[in-house]
Amino acid sequence: MPEASGCTARLSFNATDNSSGFVLMMFKLLVLCGIIALLASMQVLFESLFSWWPAVQLFQLDGSIREWWFRWQLDRYAVSYGMFFAFTYLGLKKLQIIDDSFHGNLFTPCVTYLIVTLSVCITLGYTVFMTTCSSKVECNRLHPYISFLPITSFILVRNVPGYLRSRYSTFFAWFGKISLELFIGQYHIWLAADTKGILVVIPGYHTLNMLITFFIFVCVAHEISAVTGTLATTLVPRDFHTVMQRLIMFVLFLCVMLLYGHFGDKIQLF
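Residues numbered from 1 in each chain as written. Predicted model: local features only at pLDDT ≥ 70, side-chain atom pairs only at ≥ 80, totals over all residues. Heavy atoms only, no water.

(A) Quick look at helix 13 (residues 206-235). The terminal C-alpha atoms of helix 13 lie 42 Å apart, and with 30 residues this matches the ideal 44 Å at 1.5 Å per residue to within 8%. The inward-facing, buried residues of helix 13 contact helix 11 (170-176) and helix 12 (179-190). (Helix = DSSP H or I, 4+ residues; strand = E, 2+ residues; numbered from the N terminus. Expected span 1.5 Å × (residues − 1). Contact = heavy atoms within 4.5 Å.)

Laid out in structure tokens, this is it:
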């Protein structure tokens, strides 16, 4: 998740330089969480919003809005948590509370052992709770509020002890750079028909089909990551006035495309 919020972390770096920037960033995160909570509590509002004509035309929504709402509400706070974690990490480094530029522990040995022990216990407790949960509906209801516990525990165990933080797998580190694209891409490449189907390239050969689709899946995710990085620096520069100009141009472009998509078949070219 911190990988997914890398762009947010870069954008929020200046917010840790002064108190007003810190307050503004926290306010924006609270507003975001409030909007998410509102949409999660009113399924009718969510379905009405994304069944609205501009959204349907822009995103070509021809599937089930209910399925989208179900998938979204399971991890609805994941992005907000990633932003908050990245912002907190930058703030702690700015205040010189943590320093991960060396290979030693981030804290004293006693504090390190305590954090690692609590993190392992939390992960085990979460695992036992989710595996013994008798009701899927109840598990789905609790998941958005407690899913950050094992994620945070893993991050702490992985990074607080110096002997773990200084070692990593090149193979998994490469996949970690495209983790967001892999997560999103699975719904568009591996899965189909609102997650009720799978992509079949070679019918009748399940293993071969899985290998081919996996290769396609990873290649597409890698290219999406590269394109996203290029577009992010181009469309969202650090200069505020340039950002606003490009935002206005982008909105106007979307409006033109939406109008053309709706009225294009009625326009006769001579």
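Moving on from the coordinates now.
(B) Structural view of the pattern of salt bridges. For the coordinates displayed, the defined rule picks out two salt bridges. As a salt-bridge pair, D100 and K93 come within 3.5 Å of each other at their nearest N and O atoms. Across the pair R141 and E138 runs a salt bridge whose closest N-O atoms are separated by 2.5 Å. Here the residue R141 and the residue E138 both occupy positions in helix 8 (residues 136-146), the gap between them amounting to three residues, near one helical turn. Owing to a relative accessible area of 47%, R141 belongs among the partly exposed residues under this scheme. (Salt bridge = Lys/Arg side-chain N within 4 Å of Asp/Glu carboxyl O. Buried < 20%, exposed > 50% of the residue type's maximum accessible area, 1.4 Å probe, protein only.)

(C) Expanded view of the packing of aromatic side chains. A full pass over the atoms with the stated rule returns eight aromatic pairs. Consider the rings of Y81 and F85, whose centres lie 5.9 Å apart with planes at 55°: the pair is tilted. With Y81 and F85 both in helix 6 (residues 78-94) and four residues apart, this pair spans about one turn of that helix. Put simply, the rings of F171, F172, W174 and F175 touch in pairs and so form one group of aromatic residues. Above the face of the F102 ring, R165 is positioned so that its terminal group lies 5.9 Å from the ring centre. (Phe/Tyr/Trp six-rings, centres within 6.5 Å; stacked < 30°, edge-to-face > 60°. Lys NZ or Arg CZ within 6 Å of the ring centre and 35° of its normal.)

(D) Up close: the state of the cysteines. Evaluation of the coordinates by the stated rule reveals one disulfide. Each disulfide pairs two cysteine sulfurs, and for C133 the partner residue is C139, the sulfurs being separated by 2.0 Å. A relative accessible area of 8% means that C139 is categorised as buried. (Disulfide = S-S within 2.5 Å.)

(E) Broad picture of the nonpolar core. With seven residues, the main nonpolar core is built from F175, I178, L182, I189, F217, V218 and A221. Contributions of two or more residues to this core are made by helix 12 and helix 13. Once you skip the residues sitting within four places of it in the chain, I189 turns out to touch L199, F217 and V220. Judged by nonpolar contacts, the second largest core, of five residues, contains L39, F46, F50 and I65. (Core = buried A, V, L, I, M, F, W, Y, C linked by side-chain atoms within 4.5 Å.)

(F) Up close: the environment of V120. You can see V120 is positioned in helix 7 (residues 109-131). Remark: the alpha-carbon pair of V120 and V157, spanning 37 residues in sequence, is separated by 7.7 Å.

(G) Structural view of the environment of S153. As for its placement among the helices and strands, S153 is situated in helix 9 (residues 148-159). Remark: the alpha-carbon pair of S153 and V120, spanning 33 residues in sequence, is separated by 6.8 Å.

(H) Inspection of the environment of P150 at higher detail. For P150, the position within the fold is in helix 9. On the accessibility criterion, P150 (17% relative accessible area) is buried. Separated by 23 residues in the primary sequence, P150 and T127 have C-alpha atoms spaced 8.6 Å apart. Sequence-distant contacts of P150, defined by excluding residues within four places in its chain, comprise T123 and Y126.

(I) A look at a nonpolar patch on the surface. A cluster of nonpolar residues, F240, M244, L247, F250, V251, F253 and M257, forms a patch on the protein surface that exposes about 690 Å² of accessible area. Among the structural elements, V251 can be located in helix 14 (residues 240-263). Classification of V251 as partly exposed rests on a relative accessible area of 39%. (Patch = residues over 30% accessible without salt bridge, like charges linked within 9 Å, V, L, I, M, F, W, Y side chains within 5 Å. Areas by Shrake-Rupley, 256 points an atom, 1.4 Å probe, with all protein chains shown as cover.)

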